[in-house]
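# A structural walkthrough
As a plain string of letters, each chain reads:
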Amino acid sequence: MKILITENYDKMSETAFSFVKEIITEKPDAVLGLATGSTPIGLYALMVRDHEQNGTSYKGIKSVNLDEYVGLSADNEQSYAYFMNYHLFDKVDIDKNNTHLPCGTAEDKKAECRRYNELLKTLVPDVQILGIGSNGHIGFNEPGTEKDSVTHVVNLTENTIKDNSRLFDRIEDVPRQAFSMGIKNILASKKIIVMASGENKAKAVRAMIEGPVSSACPASFLREHNDVVVVVDKAAGKLIK
Ligand code: PGA
């Protein structure tokens, strides 16, 4: 694991962007593994700015996202499909047919997990962007999720529901379940960039880097991958020895 501690959120975003830019410059048909949440918003803004100012094209780029809430359609403002369109896909020249997320409204959830797993066999990310939950989750792989897990339906923990409720009008509105890539899917990516910002992530970041490799902190499994870059701001990195 390579660990980069940056001054603040903006520098974290710039550092992550420099890796992404290198990959899409070298490989214009790269597969990007993307994440939602507050953490990558600055990265996506830099990708949009670079597209607008320097003409970096996403015409050949494909993307797969980590997760989606069960029950939310792509036009629901709280869905991750909506988030991705809003923050990135609508603002660059990517072909939407090449962007993929689990379908939140799939009627047959098991079939949807199978579909996504099959898709991930053909679309292996050249780089996977990850945030980390304050409980150490990656994607929606909550503590207790094993290393050999693939796309599955997750019952979100109270901790995650509480963390994510800041984006909803009422905590009751937060979906209780999500589709998520498993740890095995995530570890199949060629390169992984984990981003974290803010003091509320400091314990999870320490557990990921210094704690036991265990399902108690799903992010700790990333230590078994050979190309992981952890990019954190000072606050999120403050407990790293
Ligand atoms: P956040 O979420 O970026 O909104 O903090 C990260 C995560 O839960 O993986």
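For the structure itself, look to the data block above.
Residue numbers restart at each chain and count upward from 1, following the sequence in its written direction. Per-residue local features are limited, in this predicted model, to residues with pLDDT of at least 70; the limit for side-chain atom pairs, both in listing and counting, is 80 or more; totals at the level of whole chains, interfaces and linings are taken over all residues. Just so you know, side-chain values use all the structure's heavy atoms and leave hydrogens and water out.

Adjacent strands of a sheet form backbone hydrogen bonds with each other and so pair up, either parallel or antiparallel. For two strands to count as paired, DSSP must find a minimum of two bridges between them. Segments assigned H or I by DSSP are reported as helices when at least four residues long, segments assigned E as strands when at least two residues long, and all are numbered from the N terminus. Taken together, the 3 strands give an open sheet; going across it, the order is S4-S8-S7, and neighbouring strands pair in antiparallel fashion. Single-partner strands in this sheet number two, and they are strand S4 (67-69) and strand S7 (152-155). The mean angle between the axes of side-by-side strands here comes to 30 degrees, regardless of whether they run parallel or antiparallel. As defined by bridge partners, S4 adjoins strand S8 (residues 177-180) across 3 bridges and the pair is classed as antiparallel. Following the sheet pairing, Glu-68 is matched in S8 by Phe-179. Packed onto the sheet, helix H4 (residues 109-122) meets S7 and S8 and runs at close to 25 degrees relative to S8. Where helices are involved, their axes are fitted lines through C-alpha atoms of the stretch in contact, as for all axes, and angles between N-to-C directions lie from 0 to 180°. In this description, contact between two residues means that some pair of their heavy atoms is separated by no more than 4.5 Å.

The next subject is the layout of surface pockets. Cavity and pocket criteria rest on a 1 Å grid covering protein atoms alone: a 1.4 Å probe that fits but cannot get out defines a cavity, protein on both sides within 12 Å along at least 5 of 7 lines defines an open pocket, and an atom within 4 Å of a point defines a lining residue. Grid points are joined across faces, edges and corners, and a volume is the space filled by probe spheres set on the points. In this model, the largest pocket occupies a volume close to 690 Å³. What lines the largest pocket is a set of 34 residues, among which Thr-36, Gly-37, Ser-38, Asn-164 and Arg-166 lie closest to the centre. Elements with a contribution of two residues or more to the lining of the largest pocket: S4, helix H3 (80-87) and helix H5 (158-164). Its residues assigned to classes, the lining of the largest pocket comprises 12 nonpolar, 17 polar and 5 charged. For this scheme, ten residues count as nonpolar: Ala, Val, Leu, Ile, Met, Phe, Trp, Tyr, Cys and Pro. Four count as charged, namely Asp, Glu, Lys and Arg, and the remainder, Gly too, count as polar.

Next up on the list: the site of the ligand. In these notes, residues near a molecule or strand are those with any non-hydrogen atom within 4 Å of it. Every residue lining the ligand is accounted for by Gly-37, Ser-38, Thr-39, Gly-131, Ile-132, Gly-133, His-137, Arg-166 and Lys-201. Polar contacts, as counted here, are pairs of nitrogen or oxygen atoms within 3.5 Å of one another; within protein the pair requires one atom able to donate a hydrogen and one able to accept it, and residues that are adjacent in sequence qualify only if both atoms are side-chain atoms. One nitrogen or oxygen atom from the side chain of Thr-39 is found 2.4 Å from an oxygen atom belonging to the ligand. Between the ligand and the protein, one listed contact pairs an oxygen atom with a side-chain N or O atom of His-137 at 2.7 Å. Contact with the protein chains removes 84% of the 280 Å² of surface that the ligand exposes when unbound. Of all the cavities here, the one that holds the ligand is the largest pocket. Looking at the shell around the ligand residue by residue, the class counts come to 1 nonpolar, 6 polar and 2 charged. Under the convention used here, a 1.4 Å probe and the Shrake-Rupley method define accessible areas, while residue burial counts only the protein chains that appear. Assignment to a cavity or pocket requires that more than half of a molecule's atoms be within 2 Å of the site's grid points.

Another aspect to go through is the sheet that holds strand S1 (residues 2-6). Reading across from one edge, S1-S10-S9-S6-S2-S3-S5 is the order of the 7 strands in this open sheet, with parallel pairing throughout. Since the sheet does not close on itself, it has two edges, and those belong to S1 and strand S5 (99-100), each with one partner. Where helix H1 (residues 9-26) meets the sheet, its contacts fall on S1, strand S2 (31-34), strand S6 (127-130), strand S9 (192-196) and strand S10 (228-233), and the angle it forms with S9 comes to roughly 165 degrees. The sheet contacts of H4 involve strand S3 (62-65) and S5, and relative to S3 the element is tilted by about 140 degrees.

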